[in-house]
Every structure is written in C-alpha cells, then in structure tokens.
Amino acid sequence: MTPATHRTPHDHHHTPHPETTALVDPVCGMTVKPTTAHRAMQGGRGILFCGASCKDRFLADPEHYLRAAKDPVCGMTVKSTTQHRVMHGDREVLFCSAGCKTKFVADPETYLEAPATLERRPAATASDGRTEYTCPMHPEIVRDAPGSCPICGMALEPRMPTLDAGPDPELVDMTRRFWIAAVFTIPLFVISMGEMVGVTILSGRARVWTELALAVPVCTWAAWPFYVRFAQSLKHRSPNMFTLVGLGVGVAFGYSLAAALAPGVFPHAFRNHDGTVGTYFEAAGVIVTLILLGQVLELRARSSTGAAIRKLLGMAATSARRIEADGSEVDVPLDDVQVGDRLRVRPGEKVPVDGAVTEGRSSIDESMVTGEPIPVEKAAGDRVIGATVNGTGALVMRADKEGAETLLSRIVAMVAEAQRSRAPIQKLADHVAGYFVPAVILIAIATFMVWFVVGPEPAYAIVNAVSVLIIA
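The model shown is predicted, which means the values in this text are computed figures rather than measured ones. Residue indices begin from 1 for each chain and proceed along its sequence in written order. Only residues with pLDDT of at least 70 are given local features in this predicted model, and only at 80 or more are side-chain atom pairs given and counted; all residues enter the totals for whole chains, interfaces and linings. Remark: hydrogens and water are excluded; side-chain values derive from all non-hydrogen atoms of the structure.

### Here we look at the overall build of the protein chain
In terms of regular secondary structure, the protein chain is built from 13 helices and 20 strands. In this scheme, a residue with accessible area under 20% of its type's maximum is buried, one over 50% is exposed, and one in between is partly exposed, where area comes from a 1.4 Å probe on protein chains only. Within the protein chain, the fraction of its 472 residues that count as buried is 43%. Contact between two residues is taken to exist if any of their heavy atoms lie within 4.5 Å; hydrogens are not considered. Considering only contacts in the protein chain between residues 6 or more positions apart, those separated by 24 or more positions represent 60%. Computed with the Shrake-Rupley method and a 1.4 Å probe, the accessible areas treat only the protein chains shown as cover for residues. Of the accessible surface of the protein chain, which amounts to about 23600 Å², a share of 63% is contributed by carbon and sulfur atoms. We count a stretch as a helix when DSSP gives it H or I for four or more residues in a row; a strand needs E for two or more, and each element gets its number in order from the N terminus.

Spelled out as structure tokens, the structure:
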C-alpha cells in the first residue's frame, strides 16, 4: 500500500476553489442559476449574479449587500435581498415582511429604540458547521436555530439537507398529537352528532360531562402548538391561519367550558329542556384534529422531498485517490480535492468530482444523471461527472469542479430551492390571510357590540360573537 505523503511545494499553486454559497443575487434578490457567468469572489465565497450590472454594483460596495439585518419590529434576521425596506434619515432599515414595514413607517421612533437596527453577520458556509433555517413560505426569514416563522407560523427548516439528518421532530410530534386527538375526537363527534340522525347515546348532564372529558386533551394538549403560534402571531403583529385557529378553538372551548361548569349564568332561553346549555366541544375538537391532519400530511410531503435530496447527497463519493507531484498516490477526503488535482479512478469506484479524463480508457455508468442504463465509453479528453460509477477500466482524471460547483451539488441545490419556492396561489393565500383574519375579528367585535346594545340580554352578544369566530 502506498504510504500517505505530504503535498510538495510544487502543488501549492492549487488555490482552494471557493464554495458558492449564494444562489440568490445579493443585489436584486433574483434566483440565479449556478451556471451563470456573472460571479465574483468575496471572503472565500463565490457570489453569483443575474447580470453584469448587479455584479458591478456589488463590487462597488460588497459590504452593503452582504450585511444581514434585524427587523426592528419583530426582531427576525433579514437577508439584504429583502424587498421590504425603507430609508429613515441617513440609513436604510430592512424588514421581513410588508406588515412589519407598515408598522415601522407608522411609528418609527417606537421601533428604533433598539441599539442596532442593522448588524453585520457573516453568511453560514458548509465549512463552519452552521446550519441556517428558513421558512418554506417566506425565504427572507433566516435563523441560526429551528423555530417557527413569525409571518405564517410554519416551522423553519434547514436551507440545505444533510446526510446525518434524523427524523423530523415536528413531524413526530404532530403525528403523535394527531392520533391522540383522533382517538378522543371520534367518540366526541359520535356522541354530539348522534341526535341529528336519531341515535341518542347520552343525554342531559351525562352527555355534557362526557363531551368535556373527551374535549379537554384535544383542545389543550393536542392544540397547544396552535396556541403558541397564535401568541407569536400577536407578538409579531402578523395575522395568519394560526391566529384564527387559536382564537376560534380557544373561544369555542372556553365558552363550552363555561356552559358545562356554570350553566346557571346563561339566560333561560339558552338552556335546553334538561337544563343544559349547548356547547361547541365537538366543533373545537374536529377543527383541531383536521388541522393536525393537514400539518402531518404537509410535513410528510416535505420529509419525502428531503429524503430524496439526501439520497442524492448519498450518491457522492466520500474520498478520492490523488496523484501527488512526485507520482505517489494518497487517499484524501473529498473536501480536500482542489481544482486541477490529478485523481485516479480505479475499476468499480465512483468518480469523485466533475472533470476530464487525462489517461486511460473505461466505461462509466451515468444513469444517475441521464437515466441511460448503458455505460458510456470514456477516453482521454472526455468529460466525467462526479458520483457516476466507473466500469472495469482504470482512469486518471483532472478535477475541474469540486464542492458546490459539481453537477450533483447543483442538482441538490436546485431541488432544495424548488422545494421552498411558493406557487402563485400560495402567495395569494398569504395576502388574503392578512386581510381575512383582521376582518373576521372585527366582524366578531361588531356582532358583540350590536347584540350588547340592542339584544335582549348581554349573554346573547357573547354567544353570537363566539359563533362568528367558530364559523370563520
């Protein structure tokens, strides 16, 4: 076995090929294809641009475009590519969303009490071990740790999957909550709806107490993540689906709890012939269970895509056999391969990186890229693709691309980007939700005020306002 040797001084002319960490133009925010010819080096990173004009603007003041900022309204870290920005005095303030920008413009002094509206933060790279998390619906939201998006409430996910990623903890948690909620909601629904089809399972106080016992675990423990996201939406002043869910379920369960425990405080007209007051336990339970089901289905779909990306990552070779300047050979980790290195590919091995054959002749299975099952003959001068499988011959190749520049890495990056991209209907839904949620709350308040003023008793105002929230 050939002993490992150090690289000779002659080999030091191979400068490390920069890892491309930006697939978004930092100037205009446009998504850039990895094959773009407009790129520049900054701090050991390859920055991509959509055109020459954006590249020139970047080179004139790179720090301006590479800096990260904190939204002064919600405190979230905001990428410099965000479209939500405003000039205040002699400085530019960045925001995660139009809602935060609107709040700032209405009262800037309140939000500028923070010591630093803009702060510099280096972008994460594959080499520093940091993982950036972003919202699948709002890619301008970026954090260094898992959490939920302040705009839509969705869980943040890693920007780039890794091979060592374990089970999605949120999927595991939501699945457990869904199944437990379903176990309690099904009998709750049957007991409550049985009378509508002429089947009375329980009646009177026994029915109310049974429904209460079944609804408590569903509307408290199972629905807890929705209450947390509801509170966060209020904190960040960004109404979303969870604002309405948390409010509707909380109000329905709270009203029903009062009706079950203290029916005497309700007007006589509200009571049934057996003295009980109508409750919304089954409505609250069904809403929680159905939304949990939707969360589980969505998280499973995203997990399946992540698994497919990890399979792509698993296709890459883990090491390469490098030919040193003195002719000796040494096995090195794939991260140590540099552009211009001469690599030996033995029979049955994977091609480590993209490059060109310099010596030898063999056939290579490129089905992982082309889908073609017949191996392709390769000789000196032919291009080879990283992660494809060499046949029975031996080859010597020159490394032309490595790291994020290889075809496999670009495919992984594009799939991950496509997974996070939003369809136009999703953008429309986000826009509508920003108006729908406040409108429902205003209608419920108006309903309460009208019934409180003109209604026969104040209790009617509460019941009808609750009805508006539950129906919405």
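### Some points on the pattern of salt bridges
Note on definitions: salt bridges are taken to be side-chain nitrogens of Lys or Arg within 4 Å of carboxyl oxygens of Asp or Glu. This structure, assessed with the given rule, holds 15 salt bridges. Arg322 serves as the salt-bridge partner of Asp341, at 3.9 Å between the closest nitrogen and oxygen. Taken together, the residues span a long stretch of sequence, with Asp341 in the loop between β13 (329-333) and β14 (342-345) and Arg322 in strand β12 (residues 319-323) at a distance of 19 residues. Across the pair, exposure class does not vary: Asp341 and Arg322 are buried alike. Between Asp400 and Arg383 there is a salt bridge whose closest N-O contact spans 2.7 Å. Linking Asp400 in strand β20 (residues 395-401) with Arg383 in strand β18 (residues 383-384), this pair joins segments that are 17 residues apart in sequence. In the salt-bridge network here, residues are joined through shared partners; they are Arg321, Glu329, Asp331, Arg344, Arg346 and Glu349.

### Section: the packing of helix α6 (residues 204-222) against helix α7 (residues 224-235)
Where helices are involved, their axes are fitted lines through C-alpha atoms of the stretch in contact, as for all axes, and angles between N-to-C directions lie from 0 to 180°. Two elements in contact, α6 and α7, have axes separated by 5 Å at closest approach and are oriented at 45°. Considering their axes alone, α6 and α7 lie oblique with respect to each other. Residue-level contacts link Cys219, Thr220, Trp221 and Ala222 of α6 to Trp224, Pro225 and Tyr227 of α7. Residues of the contact of α6 with α7, tallied by class, amount to 6 nonpolar, 1 polar and no charged. Small angles under 35 degrees read as roughly parallel and large ones over 145 as roughly antiparallel, with 65 to 115 read as roughly perpendicular and the rest as oblique. Ten residues, namely Ala, Val, Leu, Ile, Met, Phe, Trp, Tyr, Cys and Pro, are considered nonpolar, four, namely Asp, Glu, Lys and Arg, are considered charged, and the remaining ones, Gly among them, are considered polar.

### Here we look at the sheet that holds strand β9 (residues 133-134)
Read from one edge to the other, the open sheet built from 3 strands follows the order β10-β9-β11, with strand pairing classed as antiparallel. Either end of the sheet is taken by a strand with one partner, and the two such strands are β10 (142-143) and β11 (157-158). Strands are labelled as partners when DSSP assigns at least two bridges between them. As paired strands, β9 and β11 are joined by 2 bridges and run antiparallel to one another. Counterpart to Thr134 in the pairing with β11 is Glu157.

### Some points on unusual backbone geometry
Leave glycine aside and you will find that most residues have negative phi; peptide bonds, for their part, are mostly trans. Notably, Ala387 is not glycine yet its phi reads approximately 80°, a positive angle. For Ala387, the location among the structural elements is in the loop between β18 and β19 (389-390).

### Describing the nonpolar core
Counting residues in each nonpolar core, the largest one holds 38 residues, and the members touching the most others are Phe226, Tyr255, Phe270, Phe281, Val288 and Leu292. Listing elements by their share of this core, those giving two or more residues are α5 (169-193), α6, α7, α8 (241-261), α9 (281-314) and α13 (458-471). The element contributing the most residues to this core is α8, with 8 residues. Setting aside residues no more than four positions away along its own chain, Leu292 makes contact with Met174, Arg177, Phe178, Ala181, Ala222 and Phe226. Nine residue types can take part in a nonpolar core, namely buried Ala, Val, Leu, Ile, Met, Phe, Trp, Tyr and Cys, and a core is a set of them joined through side-chain atoms within 4.5 Å. The next biggest cluster of nonpolar side chains, apart from the first, holds 16 residues, and it includes Val93, Leu94, Cys100 and Ile141.

### Overview of the packing of aromatic side chains
Pairing of aromatic rings covers Phe, Tyr and the six-membered ring of Trp, with a centre-to-centre limit of 6.5 Å; geometry is then stacked below 30 degrees between planes, edge-to-face above 60, and tilted otherwise. Evaluated as defined, the whole model comprises 6 aromatic pairs. When the centroid spacing of 6.4 Å and the interplanar angle of 80° are considered together, the rings of Trp224 and Tyr227 count as edge-to-face. You can see Trp224 and its partner Tyr227 sitting in helix α7, 3 residues apart, about one turn around the helix. Ring geometry for Phe226 and Phe242: centres 5.8 Å apart, planes at 25°, overall stacked.

### With respect to the sheet that holds β14
Spatially, β13-β12-β14-β20-β15-β18 is the arrangement adopted by the 6 strands of the open sheet, whose pairing is antiparallel. Looking at strand neighbours, the two that pair on one side only are β13 and β18, the edges of this open sheet. Two strands pair when backbone bridges link them, and strand β15 (residues 354-360) and β20 are joined in this way by 6 bridges, in the antiparallel orientation. The residue bridging Gly360 from the neighbouring strand is Leu395, located in β20.

### Some words on the packing of α6 against α9
At their nearest, the axes of α6 and α9 sit 9 Å apart, and the two run at 30° to each other. As α6 runs across α9, the sense of the crossing is left-handed. Where α6 approaches α9, its residues Val208, Glu211, Leu212, Ala215, Val218, Cys219 and Ala222 are matched on the opposing element by Phe281, Ala284, Gly285, Val288, Thr289 and Leu292. Along the lines of polarity and charge, the residues of the contact of α6 with α9 split into 10 nonpolar, 2 polar and 1 charged. Left-handed describes a crossing whose near helix is turned anticlockwise from the far helix through less than a right angle; right-handed describes the clockwise counterpart.

### As for the confidence of the model for the protein chain
For any part of a model where pLDDT is low, the fine detail of the predicted coordinates should not be relied upon. Confidence along the protein chain averages 78 in pLDDT terms, with 79% of residues attaining 70 or more. Here pLDDT means the predictor's own confidence in every residue, given as a number from 0 to 100. Confidence drops under pLDDT 50 across residues 1-22; counting only partners more than four residues distant or on other chains, this segment forms 49 contacts. In this model residues 113-129 is a low-confidence stretch, pLDDT under 50, and it forms 37 contacts with partners more than four residues away in sequence or in other chains.

### Let's talk about the pairing of β13
By the bridge criterion, 5 bridges tie β12 to β13 in an arrangement that is antiparallel. Across the sheet, Arg322 pairs through a bridge with Val330, a residue of β13. Two successive antiparallel strands, β12 and β13, enclose a turn made up of 5 residues, where Gly327 displays a positive phi of approximately 90°.

### Notes on the environment of Ile445
With respect to the secondary-structure elements, Ile445 resides in helix α12 (residues 424-454). Remark: the alpha-carbon pair of Ile445 and Val466, spanning 21 residues in sequence, is separated by 9.6 Å.

### Observations regarding the side chain of Thr289
When you line up the elements, Thr289 lands in helix α9. Pairing of N or O atoms within 3.5 Å defines a polar contact, subject to two protein rules: one partner must be a possible hydrogen donor and the other a possible acceptor, and residues neighboring in sequence count only if both atoms are side-chain atoms. A polar side-chain atom of Thr289 sits 2.9 Å from the main-chain carbonyl oxygen of Gly285. When residues no more than four places from it in sequence are discounted, the contact partners of Thr289 are Phe178, Ala181, Ala182, Thr185 and Val218.

### Let's talk about the side chain of Arg410
Residue placement: Arg410 occurs in helix α11 (residues 407-420). Arg410 gets classed as buried once you look at its relative accessible area, which sits at 12%. If we skip the residues at most four places from it in the chain, Arg410 touches Pro34, Thr35, Lys401, Ala404 and Glu405.

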